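# Summary of the model geometry
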Amino acid sequence: MSTTTGQNPLETRLVAALEDFRQQGVYKRLNHLDSPQAARVRMEGRGEVIILSSNNYLGLSNEPAVVEAGKRSLERYGAGTGSVRFICGTFTVHRELERALARLVGTESSLSFVSAWNANEALPATVLTEDDLVLSDQLNHASIIDGVRLAKSITKCQTGVYKHGDLDDLRAKLAAASDRRVKMVITDGVFSMEGSIAPLPALKQLCREHDAVLVVDDSHATGVLGPTGRGTAEHFGMLGEIDVITSTLGKALGGAAGGFVAASEALCDYLTQRARPQLFSNALPPTVAASALASVEFLEAHPERVTTLRDNANYFRDRLQALGFKPLAGETPIVPVIIGETADAIRMSDMLLDEGVFVTGFGFPVVPQGTARVRCQVSAAHTRADLDEALAAFAKVGRKLGLI
Ligand SMILES: Cc1ncc(COP(=O)(O)O)c(C=O)c1O
């Protein structure tokens, strides 16, 4: 097999597809940063730009206590884990982190993974069997979709998708599955492309009626929703009532990497025993675990960061509306503006970048055809001056494109 680009059938196909992406204006160009994730970042070839597309919701990725904890951990534990946890030992910082995460989100226990993607892939494929059923919201994150596909292929469990947020559809599908031993319902807590919140009280009630297990992926809600940032459950006053929570350490909790499953002691122990990503892949680097632990402790000590985040999000959404844009309504710091075609959304994000604002355009296949959008994400790290500057750029670009 030749290694020269374009010389074998695979390379030929990939090169043609990449060219096609460019022609269609949907090719994703990576922007290289040379500074920490903060309200403003230094972008190669652009200088300083306001970042409005980071999941660093609380501004913790650059918080001194969080960075220091990582440094101290590097000195104490070294760079790596050496192998998987059950083979060569597990660091005490992982145990501390898992206790803190369980405390934060209101469960008995938790288990960390190298990413929330990994956690979502591990969960259904490990705990379900061919007697069971898993139902997933239509707009769930790709990691849940793939986790459900994996579960079907490994365990032969039944799978299904219910219409987004449609309780009647979910009810009908649960009612039709009375022969299933375990019924699992999985939903995002906050839908990342919409910024909308799952109707948790009604979902929980439905799950109770049908003896189903409710799993909530709170990746965009941990540190964000609820008066003290404990997530979607806290937002609805339901802390401690959700069977299983999965979430990420790569967004509000320091933004490095990592994920977790938070649930009962038994479920987390079972995942420790049987989840393939636990058994066959290294754990989180101890530096990352320590920074994430420091993030949780910071959040617990500084709930006012969550208030700042909420105030900033409300301010930005209101002002964007006042300019004449029609962002999707919502209560989260995710503020999407629907543009339509993918190429148009990417063009708008390029024009915003020319004005010094980094906000990403999303199109198919990340969102359905015809609903491409620029998705703004507000952070507690933004000052009002940052947000006003970004809004001025939106006004200029919006007028040029005839959107306002
Ligand atoms: C809802 C949801 N779940 C899971 C993930 C994956 O998170 P991680 O980066 O930790 O793999 C994301 C990240 O985009 C997400 O938005």
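Our structure is the block above this text.
Throughout what follows, the structure given in this document is the object of discussion. (Residues numbered from 1 in each chain as written. Predicted model: local features only at pLDDT ≥ 70, side-chain atom pairs only at ≥ 80, totals over all residues. Heavy atoms only, no water.)

Turning next to the sheet that holds strand β2 (residues 47-51). One key point about sheets: their strands pair by backbone hydrogen bonds, in either a parallel or an antiparallel sense. Taken in spatial order, the 3 strands line up as β1-β2-β13 in an open sheet, and their pairing is mixed. The open sheet terminates on both sides in strands that have one partner only, identified here as β1 (40-43) and β13 (357-358). Sheet topology places β2 next to β13; 2 bridges connect them, and they run parallel. Paired with Ile51 across the bridge in β13 is Phe358. Here helix α15 (residues 384-400) sits on the sheet and contacts β1, β2 and β13; the angle it forms with β2, its principal contact strand, is near 95°. (Pairing = 2+ DSSP bridges. Helix = DSSP H or I, 4+ residues; strand = E, 2+ residues; numbered from the N terminus. Contact = heavy atoms within 4.5 Å. Axes fitted to C-alpha atoms, helices over the stretch in contact; angles between N-to-C directions.)

Within the structure, the ligand sits among 13 residues, and Ala116, Asp217, His220, Thr248 and Lys251 are positioned closest to it. The backbone of Ala116 places a nitrogen or oxygen atom 2.8 Å from an oxygen atom of the ligand. One of the side-chain N or O atoms of Thr248 is found 2.6 Å from an oxygen atom in the ligand. Broken down by element, the residue count for the shell around the ligand peaks at 3 residues, all from helix α5 (residues 116-127). Here the shell around the ligand is built from residues that sort into 2 nonpolar, 8 polar and 3 charged. (Near = heavy atom within 4 Å. Polar contact = N/O pair within 3.5 Å; in protein donor to acceptor, adjacent residues only side chain to side chain. Nonpolar A, V, L, I, M, F, W, Y, C, P; charged D, E, K, R; others polar.)

Attention shifts here to the pattern of salt bridges. Taken as a whole, this structure holds 20 salt bridges when the rule is applied. The residue Asp34 makes a salt bridge to Arg42 at a minimum N-O spacing of 3.8 Å. Given the relative accessible area of 54%, Asp34 is considered exposed. Between Glu300 and Arg103 there is a salt bridge, and its shortest N-O distance comes to 2.9 Å. Of the two residues, Glu300 is situated in helix α12 (residues 286-301) and Arg103 in helix α4 (residues 92-105); the sequence distance between them amounts to 197 residues. Members of the salt-bridge network, linked through shared partners, are Arg40, Glu48, Asp386 and Glu389. (Salt bridge = Lys/Arg side-chain N within 4 Å of Asp/Glu carboxyl O. Buried < 20%, exposed > 50% of the residue type's maximum accessible area, 1.4 Å probe, protein only.)

Here we take up the packing of aromatic side chains. This structure, assessed with the given rule, holds 3 aromatic pairs. Measuring from centroid to centroid gives 5.1 Å for Tyr77 and Phe91, while their planes differ by 70°, and the two rings are edge-to-face. In this pair, Tyr77 sits in helix α2 (residues 64-77) while Phe91 sits in the loop between α3 (85-88) and α4, placing the two residues 14 residues apart along the sequence. Summarising the aromatic geometry, the rings of Phe316 and Phe394 are spaced 6.1 Å apart at their centres and angled 80° between planes, so their arrangement reads as edge-to-face. Within this pair, whereas Phe316 is found in helix α13 (residues 304-322), its partner Phe394 is found in helix α15, the two being separated by 78 residues in sequence. (Phe/Tyr/Trp six-rings, centres within 6.5 Å; stacked < 30°, edge-to-face > 60°.)

As a further point, take the packing of α2 against α12. Their axes nearest at 7 Å, the elements α2 and α12 cross at an angle of 145°. For the crossing formed where α2 meets α12, the hand is right-handed. Seen from α2, the contacting residues are Ala65, Val66, Ala69, Gly70, Ser73, Leu74 and Tyr77; seen from α12, they are Pro286, Thr287, Ala290, Ser291, Ala294 and Ser295. Residues belonging to the contact of α2 with α12 are distributed by class as follows: 8 nonpolar, 5 polar and no charged. (Left-handed = near helix turned anticlockwise from the far one by under 90°.)

With that settled, consider the environment of Ser143. Within the secondary structure, Ser143 sits in helix α6 (residues 142-155). Ser143 gets classed as buried once you look at its relative accessible area, which sits at 2%. Separated by 85 residues in sequence, Ser143 and Thr228 place their C-alpha atoms 27 Å apart. Sequence-distant contacts of Ser143, defined by excluding residues within four places in its chain, comprise Trp117, Asn120, Glu121 and Asp217. A polar side-chain atom of Ser143 sits 3.0 Å from a polar atom in the side chain of Asn120. Side-chain polar atoms of Ser143 contact the side chain of His141, separated by 2.7 Å.

Let us look at the nonpolar core. One finds Leu97, Leu170, Val185, Leu200, Leu214, Ile242 and Leu249 to be the most contacted residues of the largest nonpolar core, which totals 56 residues. Sorting elements by how many residues they give to this core places α12 first, with 9 residues. (Core = buried A, V, L, I, M, F, W, Y, C linked by side-chain atoms within 4.5 Å.)

The subject of this paragraph is unusual backbone geometry. Here the bond from Phe364 into Pro365 is cis, since omega is 5°, no more than 30 degrees from zero. Secondary-structure assignment places Pro365 in the loop between β14 (360-362) and β15 (372-377). Phi at Asp211 takes a positive value of approximately 55°, unusual for a residue other than glycine.

In space, the 7 strands of this open sheet follow the order β3-β11-β10-β9-β6-β4-β5, with mixed pairing throughout. Each of the sheet's edge strands pairs with one partner strand only, and the pair in question is β3 (109-113) and β5 (158-162). For this sheet, the mean inter-axis angle between neighbouring strands, taken without regard to orientation, is 20°. Note that strand β9 (residues 212-217) and strand β10 (residues 244-248) share 3 bridges and pair parallel. Note that in β10 the partner of Asp217 across the bridge is Thr246.

Attention now moves to helix α8 (residues 200-209). Every buried residue of α8 is listed here: Leu200, Leu203, Lys204, Leu206 and Cys207. Seen from one end, α8 has its buried residues packed into an arc of 160°, which puts them on one side. Phi for Asp211, located one or two positions after α8, is positive at around 55°. (Arc of directions from axis to C-beta.)

With that settled, consider the pairing of strand β11 (residues 259-263). Counting buried residues along β11, 5 of its 5 residues qualify, which places the element largely inside the surrounding structure. Residue alternation in β11 divides its side chains into two sets, Gly259, Val261 and Ala263 and Phe260 and Ala262, and both sets are buried. As defined by bridge partners, β10 adjoins β11 across 4 bridges and the pair is classed as antiparallel. Within the sheet, the bridge partner assigned to Thr248 lies in β11 and is Gly259.

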